[in-house]
Amino acid sequence: MSARIYPDDSVLLTLDYDQEPLLRKCTIFQTSLQKAKIDCYMLSTVRTIRERITNQVIEAGGNSLRGLWHHLAMNKGAGLPHILANAMLGDEDIPGIQTYFRQKIKEQARDLSKSQIQTVELWAIEVFGEMPRDTTGHFPVMDYLQKLSVYLNEYYVQSKNALLRTEKNLGIINEIPVSPTSDQITVLVDKLKQAGSDFNDREDLLHIAALSWLKQNKGYIPIFATADRKLYEQKDELYNITGVIVEDPLYTLGTYRSIMQKT
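Cut-offs used in this document
- Residues numbered from 1 in each chain as written.
- Predicted model: local features only at pLDDT ≥ 70, side-chain atom pairs only at ≥ 80, totals over all residues.
- Heavy atoms only, no water.
- Helix = DSSP H or I, 4+ residues; strand = E, 2+ residues; numbered from the N terminus.
- Buried < 20%, exposed > 50% of the residue type's maximum accessible area, 1.4 Å probe, protein only.
- Lys, Arg positive; Asp, Glu negative; His and termini not counted.
- Salt bridge = Lys/Arg side-chain N within 4 Å of Asp/Glu carboxyl O.
- Contact = heavy atoms within 4.5 Å.
- Pairing = 2+ DSSP bridges.
- Axes fitted to C-alpha atoms, helices over the stretch in contact; angles between N-to-C directions.

A few words on the side chain of aspartate 8. Mapped onto the fold, aspartate 8 is located in the loop between strand 1 (3-7) and helix 1 (9-16). Buried and unpaired, aspartate 8 has arginine 50 as its nearest opposite-charge partner, separated by 10.0 Å. Beyond its immediate stretch of four places on either side in the chain, aspartate 8 contacts Val46, Asp204, His207, Phe224, Ala225, Thr226, Asp228 and Leu231.

Here is the structure:
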């Protein structure tokens, strides 16, 4: 039997968006596999969840950019082109921008979406501070909105490239699609309860069930690299129940090598 490494969506999203506090751990994971020339495999269940979360996060940032354009257009020109063409921006407008972004961040439930909006906010304020000004310290609102429009187009391209970069760096290979049933997940939850665990995250257990199927039907020894602390805490129980190895990214390569030496 050969071992295969499968990164969790928590690892992939951390690398996609350079998210602290787990970025260093996931970067070490990525670098160690690159040096060892070991590819990773992506579960179809992980890809589905990653794509769903990514779409939510990207849209959170994109919507905040479009909303800022609308916010300024309405505040400075009531949405009327002939007024907006002569409108100016200055430091007195920054508190309004701050309030706008603060509200957008509060509306988000997912921390990653909040962080994405903060990244957009950073760009907006940096560009605002770099705008050439007249002697009164003001600049045309249309010049700023033009930069915002250009960045909005670049934003979606950059977001897509971040995902492709992560997959390239990890040498991602798509695993054959596996779709565990709801009943299979329920069985896992029940077995964990019998083992004294109250862990019942169905998304995480969806991946475990998929890996268990691959182990039983394809003969792989699956190593699931996760930055999810709660899932990692269940590694012993999950191994005893399914034979799936749940591993911290820091130790994944060592575990992989140990298994390969024995097979």
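Back to the text.
Attention shifts here to the pairing of strand 1. On a regular strand, one side chain projects to one face of the sheet and the next to the other, so that they alternate. For strand 1, the buried fraction is high: 5 of the 5 residues fall into the buried class. Covered by surrounding structure in strand 1 are Ala3, Ile5 and Pro7 together with Arg4 and Tyr6, the residues of both alternating faces. Looking at chain direction, strand 1 and strand 6 (residues 221-225) are connected through 5 bridges and run parallel. Considered in strand 6, the bridge of tyrosine 6 is made with phenylalanine 224.

This brings us to the sheet that holds strand 1. The strands making up a sheet associate through hydrogen bonds between their backbones, and the pairing can be parallel or antiparallel. Taken in spatial order, the 3 strands of this open sheet run 1-6-7, and their pairing is parallel. A strand with exactly one partner marks an edge of an open sheet, and here the two such strands are strand 1 and strand 7 (245-247). Across the sheet, the mean angle from the axis of one strand to that of its neighbour is 25°, orientation sign disregarded. Along the sheet, helix 9 (residues 202-218) makes contact with strand 1, strand 6 and strand 7, crossing strand 6 at roughly 160°.

So, about unusual backbone geometry. The omega torsion across glutamate 20 and proline 21 is 5°, close enough to zero to call that bond cis. Mapped onto the elements, proline 21 comes out in the loop between helix 1 and helix 2 (23-36). The backbone of aspartate 18 shows a phi angle near 50°, a positive value even though the residue is not glycine. Position of aspartate 18 relative to the elements: it lies in the loop between helix 1 and helix 2.

Here the focus is the pattern of salt bridges. As enumerated under the stated definition, the model contains 13 salt bridges in all. A salt bridge links aspartate 248 to lysine 25; the nearest nitrogen and oxygen atoms lie 2.8 Å apart. One end of the pair, aspartate 248, is in the loop between strand 7 and helix 12 (252-262); the other, lysine 25, is in helix 2, with 223 residues separating them in the sequence. For lysine 25, a relative accessible area of 24% puts it in the partly exposed group. One connected set of salt bridges, linked through shared partners, spans Asp16, Arg47, Arg50, Glu51 and Glu167.

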